[in-house]
Amino acid sequence: MILTLLVCGLAVIALVLVGLFVFGLRRRLIQRSGGTFDCSLRWNAPEKGDTSGKGWGYGVARYNGDRIEWFRVFSYAPRPRRVLERSAIEVVDRRAPDGEEELALLSDAIVLGCLHRGVRLELAMSEDALTGFLAWLEAAPPGQRVNVA
């Protein structure tokens, strides 16, 4: 009886360790190509003024040519959860987190309100990441429209 419990306990510990290893390996593979930054995302964001903090997902965004690929942090999925195309992103506002959002987002985050193909979304990132993101948007190849407020 004790041997069975010991073996089951060791098996559970081994599975947890393997899960954590795969979780870390996935993040390392996402960041391997460079051009990544921590970025929270709220898809189908409510209109201005809602600071409930609901709907935010922690993630890592990666530049990939004319796209940004957004991966959830707490996931094992090898593919991005969302893909944002540079030519379809329109920045509509910028603000500091307010209310419950301050608890839901990283401490130094700035919230950027955007439209992507008519869908309102919000991205929350650090000041440095925001500077890089806006520079990437404005560096679109000639002939592409870029809308930065």
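Thresholds applied
- Residues numbered from 1 in each chain as written.
- Predicted model: local features only at pLDDT ≥ 70, side-chain atom pairs only at ≥ 80, totals over all residues.
- Heavy atoms only, no water.
- Phe/Tyr/Trp six-rings, centres within 6.5 Å; stacked < 30°, edge-to-face > 60°.
- Helix = DSSP H or I, 4+ residues; strand = E, 2+ residues; numbered from the N terminus.
- Buried < 20%, exposed > 50% of the residue type's maximum accessible area, 1.4 Å probe, protein only.
- Lys NZ or Arg CZ within 6 Å of the ring centre and 35° of its normal.
- Expected span 1.5 Å × (residues − 1).
- Arc of directions from axis to C-beta.
- Patch = residues over 30% accessible without salt bridge, like charges linked within 9 Å, V, L, I, M, F, W, Y side chains within 5 Å.
- Areas by Shrake-Rupley, 256 points an atom, 1.4 Å probe, with all protein chains shown as cover.
- Salt bridge = Lys/Arg side-chain N within 4 Å of Asp/Glu carboxyl O.
- Core = buried A, V, L, I, M, F, W, Y, C linked by side-chain atoms within 4.5 Å.
- Contact = heavy atoms within 4.5 Å.

**Remarks on the packing of aromatic side chains**
Applying the stated criterion to the full structure yields three aromatic pairs. Centroid distance Tyr63 to Trp136: 5.4 Å. Interplanar angle 45 degrees. Geometry classified as tilted. Taken as a pair, Tyr63 in strand 3 (residues 59–64) and Trp136 in helix 3 (residues 127–138) lie far apart in primary sequence, 73 residues in all. You can call Tyr63 partly exposed: its relative accessible area is 23%. Here the aromatic residues Phe37, Tyr63, Phe133 and Trp136 are joined through ring pairs into a cluster of three or more. Above the ring of Trp43, the side-chain terminus of Arg82 is found at 4.2 Å from the ring centroid.

**Quick look at the environment of Val111**
Tracing the backbone through its elements, the reader meets Val111 in strand 7 (residues 110–116). Classification of Val111 by relative accessible area gives buried; the value is 1%. Along the chain, Val111 and Pro97 lie 14 residues apart, while their C-alpha atoms are 6.3 Å from each other.

**Observations concerning helix 3**
A rise of 1.5 Å per residue sets the reference length of helix 3, with its 12 residues, at 16 Å; its end C-alpha atoms lie 17 Å apart and thus fit the reference within 8%. Every buried residue belonging to helix 3 is among Ala129, Leu130, Phe133, Leu134, Trp136 and Leu137, and all of these are buried. For helix 3, the angular spread of the buried residues around the axis is 155 degrees, confining them to a single face. Structural note: helix 3 exposes Asp128, Thr131 and Glu138 on the side pointing more than 90 degrees away from its buried face.

**Overview of a nonpolar patch on the surface**
Nonpolar side chains collect at one region of the surface, where Leu3, Leu6, Val7, Leu10, Val12, Ile13, Val16, Leu17 and Leu20 lie side by side and expose about 900 Å² of accessible area between them. Within the fold, Leu20 resides in helix 1 (residues 2–32).

**Overview of the nonpolar core**
Membership of the largest hydrophobic core comes to 21 residues, with the highest contact counts inside it found for Phe37, Leu123, Met125 and Phe133. Residue assignment for this core shows that the elements contributing at least two residues are strand 4 (67–72), strand 6 (89–95), strand 7, strand 8 (119–125) and helix 3. It is helix 3 that provides the largest number of residues to this core, a total of six residues. Among all residues touching Leu123, those that are not within four sequence positions of it are Cys39, Ser40, Leu41, Trp56, Leu84, Ile110, Val111, Leu112, Cys114 and Phe133. Membership of the second largest hydrophobic core comes to six residues, among which are Trp56, Leu105, Val111 and Ala124.

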